[in-house]
Amino acid sequence: MGETEKKALFSAVQPSGAVTIGNYIGAIKNFVALQDEFNCIYAVADLHSITVRQEAAALRKNTLELMALFIACGIDPEKCVLFVQSHVPAHCELTWVLNTITYPGELSRMTQFKDKSAKHADNVNMGLMDYPVLMASDILLYQAAAVPVGADQKQHLELTRDLAVRFNNRYGQTFTVPEPYIMKGSGAKIMSLADPSRKMSKSDENPNAFITMSDDRDTIIRKCKRAVTDSGNEVRSAEDKPGVSNLIAIYGAFTGKTAEETEREFSGKGYGDFKVAVGEAVADALAPVQAEKARLLKEKDYLNGIMKRGAETAARIARRTLSKVYRKVGFYSGD
Ligand code: ATP
Ligand code: LTN
């Protein structure tokens, strides 16, 4: 298929702390897998990240680290557009327009807004509430047909689709209505190692609940050994075995093995052996990524160049959509 026939795909990750293997399995791994099939545009969502308090120096560092991690994970900057969200002003500009067709009730009932408001009760700000509209702008600016995300972002994608349809109905065909691209099966939602009824989250106060992409081998194996598993001793993926099922999903994501293959491999062996094997598989898979990320971080000029080139390309595409939007709503252009 020629360049121009490929559909556009957009996704982003926030530079709000250490990236977990949940982010990797649910999102970044798919970013890599989809880069030949689509015209992919990937952003470091720094505008989104300040909806919860960030320390300025840490945010700067996390932004560069996330860019390096994207590339270290296998996203090819020659095939994809990689940029930092705040480098392209159109994201904020479209957000303003979309705010005028969004109702407060739609935003206050978002699960993530409710969860984050409860968690950061001292900082329930308008940005936190408006987060999904900024996300819709990210996606719609690039006329993205597909958006790879973890299952937790499904509700935000539904709002994005509603806003696209609403705008198109009111002002005429302007936006592509995007489809979420959510992995089938358990990889779409990796659970906490400390409490398999909750999503693995980088902002969990218990560091044993998650594995980050930069954890060292010993830490990874220790965290897997400590992972909460279920009663019994049989390595089997089942609804009443959320802890073991989650480890099977993690093992599968890093080894390519199906749940059935894993069950066969560990039949007759207990949880102990399995947990060590999971830790080793994760550590083996992450070692080359970590080495490549460290190498890239020493090449700051290279990373800055990728971001600059990415922002220029992104801005060009985004401007095209934004001009159309401005024209449709009736903003006088002066030409
Ligand atoms: P937090 O957990 O602190 O709220 P987050 O990790 O959910 O942050 P992002 O960094 O923006 O927020 O997430 C990036 C991507 O990773 C999104 O596509 C999200 O759906 C996905 N993701 C996050 N956690 C998981 C998880 N536990 N399993 C699968 N995918 C996940
Ligand atoms: N909200 C997302 C990150 C994000 C995103 C996007 C994902 C920001 N803008 C656009 C897909 C498309 C999250 O994962 N928490």
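This write-up is about the structure you can find in this document. In this text, all values refer to a predicted model and were calculated from it rather than measured experimentally.

1. Comments concerning the overall build of the chain
- Of the regular secondary structure elements, the chain holds 13 helices and five strands.
- For 335 residues, the compact-globule estimate of 2.2 N^0.38 gives 20 Å, and the chain sits close to it at 21 Å.
- In terms of overall dimensions, the chain has a C-alpha envelope of 75 × 45 × 45 Å along the principal axes.
- Across the 335 residues in the chain, those meeting the buried criterion constitute 50%.
- The contacts of the chain with a sequence gap of at least 6 include a subset with a gap of at least 24, amounting to 75%.
- Counting only carbon and sulfur atoms, one obtains 51% of the accessible surface of the chain, whose full area is about 15800 Å².
- The distance from the centre of the 43 positive side-chain charges to the centre of the 41 negative ones in the chain is 3 Å.

2. Considerations on the environment of A281
- As for its position among the elements, A281 is in helix α12 (residues 271-297).
- Taking relative accessible area as the criterion, A281 reaches 11% and is therefore assigned buried.
- Distance in space between the C-alpha atoms of A281 and A136 is 36 Å, their sequence separation being 145 residues.

3. Overview of the packing of helix α10 (residues 242-255) against α12
- Running from N to C, α10 and α12 cross one another at 35°; their axes reach a closest spacing of 9 Å. Here the hand of the crossing between α10 and α12 comes out left-handed. Contacts from V244, L247, I248, I250, Y251, F254 and T255 in α10 reach Y271, F274, K275, A277, V278, A281, V282, A285 and L286 in α12.

4. Describing helix α1 (residues 21-33)
- Of all the bends in α1, the greatest measures close to 35° and is centred on A27.
- Structurally, α1 contributes buried residues whose contacts are with β1 (8-13), β2 (39-44), α3 (56-72), β4 (146-148), α10 and α12.
- Residue T20 occupies the N-cap position of α1, its side-chain oxygen lying 3.1 Å from the main-chain nitrogen of G22.

5. Concerning the pattern of salt bridges
- By the definition in use, this model includes 18 salt bridges.
- R319 is the partner of E93 in a salt bridge, and the nearest nitrogen-oxygen pair spans 3.0 Å. Remark: R319 occurs in helix α13 (residues 300-329) and E93 occurs in helix α4 (residues 90-99); sequence separation between them is 226 residues.
- Under the relative-accessibility criterion, R319 is labelled partly exposed at 37%.
- With a closest N to O distance of 3.0 Å, E292 and R295 form a salt bridge. Residue E292 and its partner R295 are both found in helix α12; the two are separated by three residues, about one turn of the helix.
- Accessibility expressed as a relative area gives 26% for E292, which makes it partly exposed.
- Overlapping salt bridges bring together K61, E65 and K293 as one network.

6. Concerning the environment of T313
- Summarising the element assignment, T313 is placed in helix α13.
- With a relative accessible area of 23%, T313 lands in the partly exposed category.
- A C-alpha to C-alpha distance of 9.0 Å links T313 and F83, two positions 230 residues apart in sequence.

7. Thoughts on the site of ligand 2
- With respect to spatial proximity, 13 residues lie near ligand 2, and among them H48, Y131, M135, D138 and Q153 are the closest.
- Here a nitrogen atom of ligand 2 and a side-chain polar atom of Q14 are 3.4 Å apart.
- Contacts to ligand 2 include D138, whose side-chain N or O atom sits 2.6 Å from a nitrogen atom.
- Notes on ligand 2: free accessible area 360 Å², of which the protein chains cover 90%.

8. As for the packing of aromatic side chains
- For the coordinates displayed, the defined rule picks out 12 aromatic pairs.
- For the pair F167 and Y171, a centre-to-centre distance of 4.5 Å together with 35° between the ring planes defines the contact as tilted. In this pair, F167 and Y171 are both assigned in helix α8 (residues 154-171), four residues apart and thus about one turn of the helix distant.
- Classification of Y171 by relative accessible area gives partly exposed; the value is 29%.
- Centroid distance F167 to F175: 5.1 Å. Interplanar angle 55°. Geometry classified as tilted.
- For F167, a relative accessible area of 1% puts it in the buried group.
- A relative accessible area of 1% places F175 in the buried class.
- Following the ring pairs from residue to residue traces out a cluster consisting of F10, F83 and Y142.

Cut-offs used in this document
Residues numbered from 1 in each chain as written. Chains lettered and ligands numbered in written order. Predicted model: local features only at pLDDT ≥ 70, side-chain atom pairs only at ≥ 80, totals over all residues. Heavy atoms only, no water. Helix = DSSP H or I, 4+ residues; strand = E, 2+ residues; numbered from the N terminus. Rg over C-alpha atoms; globule rule 2.2 N^0.38 Å. Buried < 20%, exposed > 50% of the residue type's maximum accessible area, 1.4 Å probe, protein only. Contact = heavy atoms within 4.5 Å. Areas by Shrake-Rupley, 256 points an atom, 1.4 Å probe, with all protein chains shown as cover. Lys, Arg positive; Asp, Glu negative; His and termini not counted. Charge placed at Lys NZ, Arg CZ, Asp CG, Glu CD. Axes fitted to C-alpha atoms, helices over the stretch in contact; angles between N-to-C directions. Left-handed = near helix turned anticlockwise from the far one by under 90°. Bend = angle between axes of the 7 residues up to and from the residue. Polar contact = N/O pair within 3.5 Å; in protein donor to acceptor, adjacent residues only side chain to side chain. Salt bridge = Lys/Arg side-chain N within 4 Å of Asp/Glu carboxyl O. Near = heavy atom within 4 Å. Phe/Tyr/Trp six-rings, centres within 6.5 Å; stacked < 30°, edge-to-face > 60°.

All we've got here are geometric facts, nothing functional implied.
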